[in-house]
Amino acid sequence: MQEVLSYPPSEHTKLMNLCVLLGRKNIFIKPTLYDRGYPLRELGLRIPIPSFDPDAVPPPAPTPDAGYSSTQKNAVIFLEAKGGGSDEDQVEKFYYIQQHPETLVATSNKLQINEINLIIDFGIICSNIEKISEDNKRNPLPFPVLYYDEKQKLLSSSNLIKASFLNPDIIEAFSDPISIPRLPLVNIPFSSYDYPENAAYFIQKIMIMVLSKSGKLGKYERFPPLEEIVTQEYPLFNLLGKREFHELIVTVERILYRLFPDDNPDSSFDINKYREVKKGKIFLRRRSLKKFLGILESSAIEYQKYRRGTMQTKLSRWDNSKLDSQRDLYDQIDQFFDPTLFFTKNYDADDE
Amino acid sequence: MYTELEKAICNISQEDEEEAEEERLAEGKSTQKKYLKALPIESNIQLENVKIDKNIEFLPTSEKSIKILKLTRFSKITYSYLDMLDKRYWILYSLDNSLDIKKDIKNLIQQNNSHLDYTWFSSTSLMKLSSGYSKTRFSMKFLNLFRNENIPMKRLSLQLSAEDASDIVENLITNPFIGKGACFSNIEVLLSYNQGDFIKTRLSMDGSINISRGNSINDVLEFQKKVIQGHYKPIVEKIEQEFSTEYISTNNGIEIKGDILSIKLSSKLENLEFFTNNLLKGTNPFRFLGFVNKIDDEHYMVDVLDLHNFGHFDIEVFPDELLINLPKGTCGNSIMRLFTLCQGTIDPSARLSGGAGSAVIPS
């Protein structure tokens, strides 16, 4: 039996899931913000603050991880997930928003708030209280901190940080520790902090989406660009960050192009052209789907090993010379993603 | 073929021969009678796009949404009706031998990406639909597929008939030993919607309805409607509308709508690696492929590709619970299959609910 692989989620991903549960009705933990009338409205809300730095182009736009609001109370709370330490620059911008409510009201109507007597709270939700405390000693945080202790299975307000929430509702919401007997991750299976450490996990997810899309298209229907497939099928990929997402798409698109080239110059790949059906079962490149996914998994792992620790390295071009031209392409499929064969040189994205 | 249907209707009123007929069936002998069957097929495809074998032909009728299914088996021809009045839930009415017609349907459904599936009636659904009626016969089938040692049996298979077996059913469910594997695979009930009319009908896990006795074709149709339109369809719609997750992404952020699903187990799964590997074999009955991510010994994440229509979803696996994130637009029938098979292979007491706690299948 094939060995089961492990892609441990980042602390940030765990905290993001905790943020979701605090603002949505659920059976796993007490949704203290939802219960008090502050449902989760938006993840990663982008709040442009041109007045913070009038010379900056584009203007600064912090994106707190989770935003909750009460229309009735005209109050907002943002939680920022921190698996490690705090970010002074980010905290400064959050503080600016708190002092300038008009910047938030101008951003989005998703929060369903208005400017009159608007209360804006920010909080840090963390899993490494030591690191946050050290940062706080150097530069005191203006916002309270909620500490998720995974071992104790508790979320509680930290008394190491002096700051408090402004809104009495929110103070009350976190006055008692919240028991977290189980923290499900299925709402937000990944976040930006999982890449590139778990690059293979992302490649696998994309491959499933591509196969899923292939099943919805006819044999001669054009495949949309990969980026479109991924953002439509799984918009959570937008949490990754533009640069990381682009890099991932380029990688997978090249793999797919090599495997399933399309004659049409406007299209990068076409899986269904290479699809065969034998006795009711679908085969891709002569491999059963199960076998095919197995190959992809091994290849994605190889890629991940190569990719780890090379955050700044650009991808190299495909090196076709390593392919044995005497052998059928299909028979080399198992080696197809070997990064040492195909990503040997530094790649300059500007050449594309 | 109209004569054949006439016969079927007549057959269900031949009470006097019933006992002899049952004896024949009990002895494993084939019966001469042709019993009416209603076999539902969940479809996400137009009939003209269905890949059919050479022995199958669909003939038109004056009604566009009703076709005649012509089947040729060893040069013998039979006819059945395919009712597509509901585009999603087709019903095949047939007088063919049960094994033969089910084999032909299996060939249609079980092709990769067929966009066709059975309707999946869990033990919970069978109990719900049979409540309030006299249960004249039932079968239980449980296979401990994932070798869960918390269930004290490798398999359980039993069939029981009685004038009214309702109390026996209750006793079996609460029995400390048998109750652990008490998963219904079919239940026969005696029902009557109009005075003087009655039918004896068996509803199975795949949604098929077999009529063994009675005098009212209207009652057959009424029951069939209750099963699919009144019970199954609203559950699948609820899953797809309320218990699927939508991430609405704009330049300003991401909004989450909908809810996740939970299959809560009363008996803990012991070996999650064995479970996830077997779940994703790509073979019957689950028909799932995908990737597994082991977070720790008691926590796995699974990316699932459903071979029936190539839909995808995520499952988070704990020893006592499966959490499902079904993307908006994905077929809810996949969840019905997963849940029904979980009851049949892991835990008959498994319960399907939303992430906020509300039950998906009324009990």
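If you're wondering where the values come from, they're calculated on a predicted model, not measured in any experiment.

1. A short note on the overall build of chain A
Okay, so step 1: Helix and strand content of chain A: 11 helices and 10 strands.
Okay, so step 2: Nonlocal contacts in chain A, meaning residues at least 24 apart in sequence, comprise 64% of its contacts between residues at least 6 apart.

2. Quick notes on the nonpolar core
Okay, so step 1: A:Cys19, A:Ile125, A:Ile203, B:Leu92 and B:Ile324 are the most contacted members of the largest nonpolar core, which has 178 residues in total.
Okay, so step 2: The biggest single contributor to this core is helix H7 (residues 199-216) of chain A, with 11 residues.

3. Considering the interface of chain A and chain B
Okay, so step 1: Taken residue by residue, the interface counts 51 residues in chain A and 40 residues in chain B.
Okay, so step 2: Sorting the residues of the side of chain A that touches chain B by element identifies strand E1 (40-43), H7, strand E9 (281-284) and helix H10 (289-307) of chain A as the ones contributing at least two each.
Okay, so step 3: It is H7(A) that contributes the most residues to the side of chain A that touches chain B, 10 residues altogether.
Okay, so step 4: A breakdown of the residues in the side of chain A that touches chain B according to their chemical character gives 26 nonpolar, 13 polar and 12 charged.

4. Here we look at the packing of H7(A) against helix H8 (residues 226-233) of chain A
Residues and elements named next belong to chain A.
Okay, so step 1: Contact geometry for H7 and H8: axes closest at 10 Å, N-to-C directions at 95°. Relative to H8, the element H7 is oriented roughly perpendicular. Across the interface between the two elements, Ile206, Met209, Val210, Ser212 and Lys213 of H7 pack against Ile229, Val230 and Glu233 of H8.
Okay, so step 2: Of the residues that constitute the contact of H7 with H8, the class distribution is five nonpolar, one polar and two charged.

5. Some words on the confidence of the model for chain A
Okay, so step 1: Scored by pLDDT, chain A has a mean of 85; 86% of the residues are at 70 or more.
Okay, so step 2: Under a pLDDT of 50 for its full length, residues 339-352 of chain A has, in the predicted model, 24 contacts with residues more than four places off or in other chains.

6. Remarks on the domain arrangement of chain B
Okay, so step 1: The domain architecture assigned to chain B consists of domain 1 (2-117), domain 2 (123-227) and domain 3 (242-354).
Okay, so step 2: Tallying the contact residues gives eight residues for domain 1 of chain B and eight residues for domain 3 of chain B.

7. Digging into the pairing of strand E17 (residues 311-318) of chain B
All names here are of chain B.
Okay, so step 1: Most of E17 is tucked away, with seven of its eight residues classed as buried.
Okay, so step 2: Across seven bridges, the pairing between strand E16 (residues 299-306) and E17 is antiparallel. When the sheet's bridge partners are listed, methionine 301 is paired in E17 with glutamate 316.
Okay, so step 3: In sequence, E16 turns back onto E17 through a hairpin of four residues, with phenylalanine 310 there showing a positive phi of about 65°.

8. Thoughts on the sheet that holds E16(B)
Okay, so step 1: Sheet architecture is open: six strands sit in the order E15-E16-E17-E18-E14-E19 (chain B), paired in antiparallel fashion. What marks the edges here is a single partner per strand, and that holds for strand E15 (288-296) and strand E19 (351-354) of chain B. Strand-to-strand twist of the sheet, defined as the mean angle between neighbouring strand axes without regard to direction, takes the value 20°.
Okay, so step 2: Across the sheet, H7(A) lies against E15, E16 and E17 of chain B, angled at about 25° from E16(B), the strand it touches most.
Okay, so step 3: Relative to the sheet, helix H8 (residues 333-345) of chain B contacts strand E14 (261-264), E16, E17, strand E18 (321-325) and E19 of chain B, its axis offset from that of E14(B) by approximately 10°.

9. Some points on helix H9 (residues 242-259) of chain A
Okay, so step 1: Over its 18 residues, H9(A) extends 26 Å from the first C-alpha to the last, a length consistent with the 26 Å expected when each residue adds 1.5 Å.
Okay, so step 2: Within H9(A), burial applies to A:Glu247, A:Leu248, A:Ile249, A:Thr251, A:Val252, A:Ile255, A:Leu256 and A:Leu259.

10. Concerning H7(A)
Okay, so step 1: Helix length check: H7(A), at 18 residues, gives a terminal C-alpha distance of 26 Å against a target of 26 Å (1.5 Å per residue), a fit within 8%.
Okay, so step 2: The buried fraction of H7(A) is high, at 17 of 18 residues.

11. So, the sheet that holds E9(A)
Residues and elements named next belong to chain A.
Okay, so step 1: Strand order in the open sheet formed by three strands is E8-E9-E10, with antiparallel pairing between adjacent strands. For this open sheet the edge positions go to strand E8 (275-278) and strand E10 (287-288), each flanked by a neighbour on one side alone.
Okay, so step 2: One ladder, built from two bridges, connects E9 with E10; its direction is antiparallel. Each residue of the ladder has a partner; that of phenylalanine 283, found in E10, is serine 288.

Cut-offs applied
Counting of residues starts from 1 at the beginning of each chain's written sequence and follows it residue by residue. Each chain is given a letter, starting from A, and each ligand a number, starting from 1, according to the order in which they appear as written. At least 70 in pLDDT is required for a residue's local features to be given in this predicted model, at least 80 for side-chain atom pairs to be given and counted, and no such filter applies to totals for whole chains, interfaces and linings, which use all residues. Every helix listed is a DSSP run of H or I at least four residues long, and every strand listed is a run of E at least two residues long, numbered separately from the N terminus. By definition, residue pairs are in contact when their C-beta atoms, positioned from the backbone, come within 7 Å. Note on terminology: a nonpolar core is a set of buried residues of type Ala, Val, Leu, Ile, Met, Phe, Trp, Tyr or Cys, with members joined through C-beta atoms within 7 Å. Residue burial is a threshold on neighbouring C-beta atoms within 10 Å of the residue's own C-beta, all placed from the backbone, with 20 or more meaning buried, 12 or fewer meaning exposed, and counts in between meaning partly exposed. Gly is placed with the polar residues, together with every amino acid not listed as nonpolar (Ala, Val, Leu, Ile, Met, Phe, Trp, Tyr, Cys and Pro) or charged (Asp, Glu, Lys and Arg). As a rule, the C-alpha atoms of each element are fitted with a line to give its axis, helices using only the stretch in contact, and angles between N-to-C directions run from 0 to 180 degrees. Should an angle lie under 35 degrees it is considered roughly parallel, over 145 roughly antiparallel, and from 65 to 115 roughly perpendicular; all remaining angles are considered oblique. Confidence of the predictor at the level of single residues is captured by pLDDT, which takes values from 0 to 100. Where each domain begins and ends is defined by an automated method or by a domain database. Pairing between strands is defined by DSSP: at least two bridges between them are needed. Here the expected span of a helix is defined as 1.5 Å times the quantity of residues minus one.

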